[in-house]
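Descriptive analysis of the structure
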Amino acid sequence: MSITLGPNQHGKAEVRLVKVDRGTTGSGATSHTIHDLNVSTQLRGDFEAAFTDGDNVHVHATDTQKNVVYAKAKELGVTSPERFLLDLADHWSAQPWVTGSVMKAETYSWDRIPANEHSFVRRGQETRTAVVDRDGERTFVLSGLTDLVVLKSTGSEFHGFPRDRYTTLAETNDRILATSVTAWWRWATHPDDWDAAYDKVRAILLDTFAEVHSLALQQTIYEMGRAVMEAVDGIAEMRISCPNKHHFLVDLSPFDLQNDNEVFYAADRPYGLIEAALQRDGSTEPDAWVSVPGFA
Ligand SMILES: O=c1[nH]c(=O)c2[nH]c(=O)[nH]c2[nH]1
């Protein structure tokens with residue numbers, strides 16, 4: 001009996017690429033565009049020996065394939081996913097032993113937050129939530145939202161934190177700030193129009209995220225909650241939970257390319273998790289929060 005190797009391929013799956021185009025508008029303001037892709041590459045060709053003999057002489061390492069995604073984003077830009085995938089396919093067709101490739105991309109769409117030219121909300125992501133908890137005479141109403149994914153491509157810094165022998169994080173005065181907001185707010189008095197109230201809170205959360213020049217996600221969260229509670233009297237308390245969706249600048253120097261804050265690796269884990277409760281006049285109703293998961 002002989003066993004033969006059939007079709008095979010190798011590549012890098014789910015390369016999370018964020019490319020920021022920092023163009024300018026007619027008014028001279030800088031208008032950013034986000035290209036947010038999840039790219040997977042596969043190569044086919046004369047690669048049997050790696051499978052049958054462990055001979056890697058022909059293998060284009062999947063790590064190299066990942067690097068090509070980031071380097072081509074810088075060299076050629078990302079105009080459309082199709083154009084970008086064709087560019088990747090062209091690159092690999094020109095390499096030895098490659099006879100074919102499969103390049104795939106998922107693209108995530110972002111809508112601009114009207115407040116400025118560099119803040120975005122991910123399209124069609126969020127869920128509106130509500131809890132009514134009645135116990136005898138008492139009724140608590142919580143409104144909320146989850147998975148409100150927002151990103152700003154500038155206007156965020158993080159520095160001044162303590163350093164010791166375990167600290168490696170570089171200080172930055174210009175980073176991407178991205179998070180997925182989960183927020184709850186407790187009503188002390190009920191609004192006349194629940195839907196309008198929800199829209200108002202959502203809009204304030206987005207505008208504040210966009211407008212606050214952030215020195216930490218902590219500060220942004222607090223300002224978002226504060227702005228809502230200052231604008232909407234009936235809200236007595238808020239709880240906000242935000243993962244810090246880290247975007248790491250890709251080091252393109254090994255490829256003799258400069259990365260001017262343009263090409264990022266969007267890490268999905270681990271992530272920072274920043275949470276805060278805000279109270280009007282320092283008062284809280286702990287019983288109201290029992291059925292809301294995830295907050296300390
Ligand atoms: O906004 C931030 N807050 C932190 O507490 C923190 N910690 C970290 O590593 N990066 C950040 N960013």
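First things first, this report covers the structure right here in the doc. Since we're looking at a predicted model, the values are computed, not measured. (Residues numbered from 1 in each chain as written. Predicted model: local features only at pLDDT ≥ 70, side-chain atom pairs only at ≥ 80, totals over all residues. Heavy atoms only, no water.)

Observations regarding the layout of surface pockets
Its boundaries defined by the atoms lining it, the largest pocket holds a volume of some 520 Å³. Lining the largest pocket are 19 residues, with Leu169, Thr172, Arg175, His247 and Phe248 positioned closest to its centre. At the level of secondary structure, the elements contributing two or more residues to the lining of the largest pocket comprise α5 (217–231), β10 (247–249) and β12 (272–279). Tallying contributions element by element places β10 first for the lining of the largest pocket, with three residues. Here the lining of the largest pocket is composed, by residue class, of nine nonpolar, seven polar and three charged. Looking at the second largest pocket, it is lined by 16 residues, and the ones nearest its centre are Arg16, Arg122, Lys245, Ala267 and Asp268. Every element with two or more residues in the lining of the second largest pocket is listed here: β1 (15–24) and β7 (138–152). (1 Å grid on protein atoms, 1.4 Å probe; cavity = no way out; pocket = protein on both sides within 12 Å on 5 of 7 lines; lining within 4 Å. Points joined across faces, edges and corners; volume = space filled by probe spheres on them. Helix = DSSP H or I, 4+ residues; strand = E, 2+ residues; numbered from the N terminus. Nonpolar A, V, L, I, M, F, W, Y, C, P; charged D, E, K, R; others polar.)

Quick notes on the site of the ligand
Every residue close to the ligand is listed here: Phe158, Leu169, Arg175, Ala216, Leu217, Gln218 and Asn244. With respect to the ligand, the side chain of Arg175 contributes an N or O atom lying 2.8 Å from an oxygen atom. In this structure, Asn244 approaches the ligand through a side-chain N or O atom, which is 3.2 Å from a nitrogen atom. Its free accessible area being 290 Å², the ligand has 73% of it covered by the protein chains. For the shell around the ligand, the class distribution of residues is four nonpolar, two polar and one charged. (Near = heavy atom within 4 Å. Polar contact = N/O pair within 3.5 Å; in protein donor to acceptor, adjacent residues only side chain to side chain. Areas by Shrake-Rupley, 256 points an atom, 1.4 Å probe, with all protein chains shown as cover.)

Concerning α5
Between its terminal C-alpha atoms α5 stretches 21 Å, which fits the 21 Å expected from 15 residues at 1.5 Å a residue. For α5, the full list of buried residues reads Leu217, Thr220, Ile221, Met224, Gly225, Val228 and Met229. Here the buried residues of α5 occupy an arc of 160 degrees about the axis, which is enough to place them on one side. Contacts made by the buried residues of α5 are with β8 (177–187), α4 (194–211), β9 (235–244) and β12. (Expected span 1.5 Å × (residues − 1). Buried < 20%, exposed > 50% of the residue type's maximum accessible area, 1.4 Å probe, protein only. Arc of directions from axis to C-beta. Contact = heavy atoms within 4.5 Å.)

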